[in-house]
Amino acid sequence: MALRHKIIGLLTEAAAKAQAAGKLPAVTLPDVALEHPQKPEHGDYASSLPLKLARATRLKPLDIAGVIRKFIPADPAIVSVAVAPPGFINFTLDSDWLSRQVEEVLASAETFGNVDLGKGRRVQIEFVSVNPTGPLHVGHGRGAILGSALANILSAAGFAVETEYYINNAGSQIEAFKHSLYTRYQQALGVDAELPANGYFGGYMADLAQAIIAEDGDKYSRLPEVEAIDRLGEVGLKKMIGQIKTDLERLGVTFDTWFSERSLFKNGQYDTAMTLLKEGGYIAEKETATWFVSTALGENKDNVVVRSDGSPTYFATDIAYHYNKFVERKFDQVINIWGADHQGHVSRMKAVVGAMGIDPERLKVIISQMVTLRRGGELVRISKRSGDIITLSEVVDEVGADVSRFFFLARSADSQMDFDMELAKKESAENPVYYVQYAHARIASILTLAAERKIDYADGDVSLLTSEPEQSLIRKMLLLPEVVEMAAKSLGPHQLAYYAQELATMFHSFYKQCRVISRDDAGLSKARLKLVVAAKIALSRCLHLMGMTAPDTM
RNA sequence: GUCCCUGUAGCUCAGCGGAAUAGAGCGGCUGCCUUCUAAGCAGCGGGUCGCAGGUUCGAAUCCUGCCAGGGACGCCA
């Protein structure tokens, strides 16, 4: 069990025992707040529980703290429990216990940092899900990286995670794509043709047409137009999806499932979902269209699900899709990562989930805010319709996958961000990405030297690790499980990026102050080798959870 | 007009289930390479936490209003 929970447990029990013994009024206990104090002299963990109890019990916080402290049993991990004004209870970890944790980290190896928050519950994370009508740009990259890191974190937190890309391959945008492609195809073959007004004007469409001509020649031009548009369009879609997949793989983003929107119509789930809503009384006909009456659920307005021409809207298929997620596939929890332009969709989606009899709390939507791409001071437009577009893969070409990932992960999804490629490249020498990876490489280098000198440190005695730099490094390492838990609970992968930097700082500082491989003190060398291996585990876990590489040389 | 996100150090951002002198990186200024990678370390300087009220023993954190920036309000997706 994580240390943090253990201490919370000690406090809760102590307060309850104090109440049972009549030393503390039997008021309802609040949730125990436990934090890491800023000042080292305040210990490793501090609780303000006495302060919170002061009003209800009408006692002085310091007195409450004194009473609770008496009921906290001795624990091997804790050397002291101190009462401090205005009413804190401070816990300081035992130095021997800390040293011994190095062995624990080594024993857990690649599972170090894992926690059992999820208890095997099934979580689906759906992200990116861009219409396959054009290449990915930076904004999509942000969602992709966020989603894949979150998937890693939730797995580490004990959830059974499945990642998914929802392919919107039905609907009017797809029709526009097919028409645009057909036009470009004709043009490439020397036929006079004009793009539809709602078409895709990007240069990549002409490239796509050329690529298809290179493979299949002009065979689609010999078909009747309607059939040609469809057959050609399908080939184009397949190629587009393939390109998206490749771009994502370059960033280390993969999916367990590529889910087809069309399948919802083939297997009848679309009809089932609509029937379900109809039976619930949430469907109404008005103005020749069919509406989901979201106003009945407190929404601002109703939404069309079936247009006057009988075709379903995007919202309608999304309803069916969520029916599929919750009812057919029975995910305990579903997380959707959407771009900022979809935020208006969140509340009605939750409303509709509730209308289908599913607890809306099981659906979490993360809105990743806009990314503006810059080159120095210059803004780069990323519109898909206009020809002027910097694709995600171009960004990855320039700054690399690791840097891209770290830059996106170092910000919470809530805040808009500028992605300045100039800066990402220019700063590369002083980059936090390299700072963290460098720590890992330095350890690898130490281990190489140890191997060259044939040092066997299996019998290293970790109890020798008592100095301040050593203990600080251990303390920081031991926070990884807490960070994983926090990041999983708050769905905030950025916390890992900050922690990784702090951990690297502790290592670099230790490295400067403590010579690991020394001819003078073989015993200490062996102990420190163990420490360094443990730190390497913690660092590489961090980097891997973020989907980054942990290089041995730099 | 309604709704969502943001406003913290020169810049980019953490912190926002309230609590002990507000943090990091970059940039600026000082020092530090005979031994495991200086892509490093140690230190200095830098803040009315957008503004105004309110709740509280205690607010960057919670509530209300306002201001500023971005986004959404389609029988597009």
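Residues numbered from 1 in each chain as written. Chains lettered and ligands numbered in written order. Predicted model: local features only at pLDDT ≥ 70, side-chain atom pairs only at ≥ 80, totals over all residues. Heavy atoms only, no water.

(A) Quick look at the packing of aromatic side chains. Overall, the coordinates contain 16 aromatic pairs when judged by the stated rule. Each ring, one from Phe-259 and one from Tyr-321, has its centre 4.9 Å from the other, and the planes form 35 degrees; the classification is tilted. Linking Phe-259 in strand β7 (residues 257-260) with Tyr-321 in helix α11 (residues 314-328), this pair joins segments that are 62 residues apart in sequence. Residue classification places Phe-259 among the buried positions, given a relative accessible area of 10%. Overall, Tyr-321 belongs to the buried group, its relative accessible area being 0%. Aromatic pair Phe-407 and Phe-419: ring centres 5.8 Å apart, planes at 55 degrees, arrangement tilted. In this pair, Phe-407 sits in helix α14 (residues 401-409) while Phe-419 sits in strand β15 (residues 417-420), placing the two residues 12 residues apart along the sequence. (Phe/Tyr/Trp six-rings, centres within 6.5 Å; stacked < 30°, edge-to-face > 60°. Helix = DSSP H or I, 4+ residues; strand = E, 2+ residues; numbered from the N terminus. Buried < 20%, exposed > 50% of the residue type's maximum accessible area, 1.4 Å probe, protein only.)

(B) Structural view of the packing of helix α10 (residues 269-279) against α11. Interaxial distance between α10 and α11 falls to 8 Å at its minimum, and their mutual angle equals 95 degrees. By the criterion of interaxial angle, the relationship of α10 to α11 is roughly perpendicular. Side by side, α10 and α11 meet where Gln-269, Tyr-270, Thr-272, Ala-273, Met-274, Leu-276 and Leu-277 of the first sit next to Ala-316, Thr-317, Ile-319, Ala-320, Tyr-323, Asn-324 and Glu-328 of the second. Classifying every residue of the contact of α10 with α11 by side-chain character gives nine nonpolar, four polar and one charged. (Axes fitted to C-alpha atoms, helices over the stretch in contact; angles between N-to-C directions. Parallel < 35°, antiparallel > 145°, perpendicular 65-115°, else oblique. Contact = heavy atoms within 4.5 Å. Nonpolar A, V, L, I, M, F, W, Y, C, P; charged D, E, K, R; others polar.)

(C) Representation of the sheet that holds strand β1 (residues 34-35) within the structure. Taken in spatial order, the four strands of this open sheet run β1-β2-β4-β3, and their pairing is antiparallel. Taken across any chain shown, the strands that pair with only one partner, and hence form the sheet edges, are β1 and β3 (78-84). Looking at chain direction, β1 and strand β2 (residues 45-47) are connected through two bridges and run antiparallel. Across the sheet, residue Leu-34 finds its bridge partner in β2, namely Ser-47. Most of the contacts of helix α3 (residues 61-70) go to β3, to which it runs at about 155 degrees, and overall it touches β3 and β4 (88-93). (Pairing = 2+ DSSP bridges.)

(D) Spatial organisation of the pattern of salt bridges. Within this structure, the stated rule accounts for 21 salt bridges. A salt bridge links Glu-485 to Lys-489; the shortest N-O distance between them is 3.2 Å. Taken together, the residues Glu-485 and Lys-489, both in helix α18 (residues 480-490) and four residues apart, mark about one turn of the helix. Judged by relative accessible area, which is 53%, Lys-489 ranks as exposed. With a closest N to O distance of 3.8 Å, Asp-552 and Lys-536 form a salt bridge. With Asp-552 in the segment after α20 (522-545) and Lys-536 in helix α20, this residue pair connects regions lying 16 residues apart in the sequence. Taken together, the shared-partner salt bridges in this structure form one network comprising Lys-178, Asp-230, Glu-234 and Arg-262. (Salt bridge = Lys/Arg side-chain N within 4 Å of Asp/Glu carboxyl O.)

(E) Seen up close, the protein's contact with RNA strand B. The environment of RNA strand B is formed by 66 residues, the closest being Arg-411, Tyr-438, Arg-442, Ser-445 and Tyr-498. Protein-adjacent atoms of RNA strand B, using a 4 Å cutoff, are sugar or phosphate at a proportion of 62%. In the model, a sugar or linking oxygen of RNA strand B is placed 3.1 Å from a nitrogen or oxygen of the Ser-172 side chain. At 2.6 Å from a phosphate oxygen of RNA strand B is found a side-chain nitrogen or oxygen belonging to Arg-307. Per-element accounting of the surface near RNA strand B gives the leading share, eight residues, to helix α16 (residues 432-452). Taken together, the residues that form the surface near RNA strand B break down as 25 nonpolar, 24 polar and 17 charged. (Near = heavy atom within 4 Å. Polar contact = N/O pair within 3.5 Å; in protein donor to acceptor, adjacent residues only side chain to side chain.)

(F) The arrangement of unusual backbone geometry in detail. Put simply, Pro-85 and Pro-86 share a cis peptide bond, and its omega is 5 degrees. Positioned with a positive phi, Ala-109 is a non-glycine residue whose angle comes to about 45 degrees. With respect to the element layout, Ala-109 can be found in the loop between α4 (95-108) and β5 (122-126). The residue Ser-129 is not glycine, and still its phi comes out positive at about 45 degrees. Inspection of the secondary structure puts Ser-129 in the loop between β5 and α5 (138-156).

(G) Looking closely at the side chain of Asn-431. Structurally, the position occupied by Asn-431 is in the loop between α15 (421-426) and α16. For Asn-431, a relative accessible area of 1% gives the class buried. Not counting chain neighbours up to four residues away, the residues in contact with Asn-431 comprise Val-403, Phe-407 and Ala-424.

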